[in-house]
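Structure assessment
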Amino acid sequence: MKHYSKKMLEGLYVGERLPIAQMALRLECTPLTVMRHMRKCGIVARSASETSRRSCDCVEILRRYDSGESVSSIAKQMKIGRRRVISRLKEHGRKIRHGAFYLVGKKRAERGLEWRKNISLAKVGLKNPNWAGGKKEENRRIRASFEFKIWREEVFGRDDWMCQKCNVRGGRLHPHHIENFCSVVEKRFEVENGITFCEDCHKEFHRRFGRKGNNSEQVMEFCDESHKHQKRLAA
Ligand SMILES: [Zn+2]
Ligand SMILES: [Zn+2]
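One structure accompanies this document, and this report is about it.

Rules behind the numbers
Residues numbered from 1 in each chain as written. Chains lettered and ligands numbered in written order. Predicted model: local features only at pLDDT ≥ 70, side-chain atom pairs only at ≥ 80, totals over all residues. Buried ≥ 20, exposed ≤ 12 C-beta atoms within 10 Å, placed from the backbone. Helix = DSSP H or I, 4+ residues; strand = E, 2+ residues; numbered from the N terminus. Pairing = 2+ DSSP bridges. Axes fitted to C-alpha atoms, helices over the stretch in contact; angles between N-to-C directions. Parallel < 35°, antiparallel > 145°, perpendicular 65-115°, else oblique. Contact = placed C-beta atoms within 7 Å. Nonpolar A, V, L, I, M, F, W, Y, C, P; charged D, E, K, R; others polar. Core = buried A, V, L, I, M, F, W, Y, C linked by C-beta atoms within 7 Å. Left-handed = near helix turned anticlockwise from the far one by under 90°.

**Overview of the pairing of strand S2 (residues 194-198)**
- Of all 5 residues that make up S2, 5 are buried, and the element is covered over most of its length.
- The alternating pattern of S2 places Gly 194, Thr 196 and Cys 198 on one face and Ile 195 and Phe 197 on the opposite face, and all of these are buried.
- Strand direction decides the pairing type here: strand S1 (residues 173-177) and S2, joined by 5 bridges, are antiparallel. Counted as the bridge partner of Pro 175 is Thr 196 from S2.

Next up, the structure:
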């Protein structure tokens, strides 16, 4: 097996901000191998939202906004869409100021400092919508982790990238936890505890059985039905 040094991997992932798939092409191996090596070296994966975002423009947008610039002006100056500006600001817990704020014109400078202080206080702790500590946040982190990505790939691979309910291969696949993800913590990353469903079948499953306390009986019932259905069709 080839050896990839931490420095080399970091150079590509952190330095060049390449996605895993691109790294795999560059290193002539599979994405899974890249992820394994990165995990071994202790390089932390970017979350999905981070991947789609250019972090440099966040800093610039926040700096401009916090010094009183309007959304439209930022969009114009930075040559990006207003929507993009607004969504970045919201992600960072900023309340979007509207027209009335700018009408007071000169007063803006006077309240600048006080207002900025309030903004930074509002970002602290519980008030910050980006507060990392809730259950949702924890689940999101796990789903963005290497362990989860590897688990998912392994489940898909074992099932030959085929939905185990409708037997369609490829497309939008979801890994489903047979024993519930939240309640059976120790099986979260066990390949045997995963099953491949397509997006539609996965939705259908949870429509019928809900999202809490899911178990293997439900999966058997769900998949068994389609096999009976196929036998009927074949007969
Ligand atoms: Zn399906
Ligand atoms: Zn599921």
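**A closer look at unusual backbone geometry**
- In this structure, Lys 79 takes a positive phi of about 55° despite not being glycine.
- Tracing the backbone through its elements, the reader meets Lys 79 in the loop between helix H6 (71-78) and helix H7 (82-91).
- A residue is classified by how many C-beta atoms lie within 10 Å of it, and Lys 79, with 6 of them, is exposed.
- Its identity as a non-glycine residue notwithstanding, Asp 160 has a phi of 60°, on the positive side.
- With respect to the helices and strands, Asp 160 occurs in the loop between helix H11 (146-158) and S1.

**Examining the packing of helix H2 (residues 20-27) against helix H3 (residues 31-41)**
- Where H2 contacts H3, the axes come no closer than 8 Å and their chain directions differ by 100°. Taken as axis vectors, H2 and H3 run roughly perpendicular relative to one another. On the side of H2, the interface is formed by Ile 20, Ala 21, Met 23, Ala 24 and Leu 27, while H3 contributes Pro 31, Val 34 and Met 35.
- For the contact of H2 with H3, the per-class residue count stands at 8 nonpolar, no polar and no charged.

**Focus on the environment of Trp 161**
- Topologically, Trp 161 is positioned in the loop between H11 and S1.
- A residue is classified by how many C-beta atoms lie within 10 Å of it, and Trp 161, with 13 of them, is partly exposed.
- For the pair Trp 161 and Cys 198, spaced 37 residues apart in sequence, the C-alpha separation works out to 9.3 Å.
- Look past the residues within four positions of Trp 161 in its chain and what remains in contact with it is Phe 156, Arg 169, Gly 170 and Leu 173.

**Considerations on the nonpolar core**
- The biggest cluster of nonpolar side chains holds 10 residues, and these are Val 155, Cys 163, Leu 173, Ile 178, Ile 195, Phe 197, Cys 198, Cys 201, Phe 205 and Val 219.
- For this core, the element with the highest residue contribution is S2, accounting for 3 residues.
- Tyr 13, Met 23, Met 35 and Met 38 belong to the second largest nonpolar core, which has 7 residues in total.

**Observations regarding the packing of H3 against H11**
- Packing of H3 against H11 leaves a shortest axis separation of 10 Å and a crossing angle of 150°. For the element pair H3 / H11, the angle class is roughly antiparallel. At the point where H3 passes H11, the crossing takes the left-handed sense. Between H3, through Leu 32, Met 35, Arg 36, Met 38 and Arg 39, and H11, the contact on the second element is made entirely by Phe 146, Lys 149, Ile 150 and Glu 153.
- For the contact of H3 with H11, the per-class residue count stands at 5 nonpolar, no polar and 4 charged.

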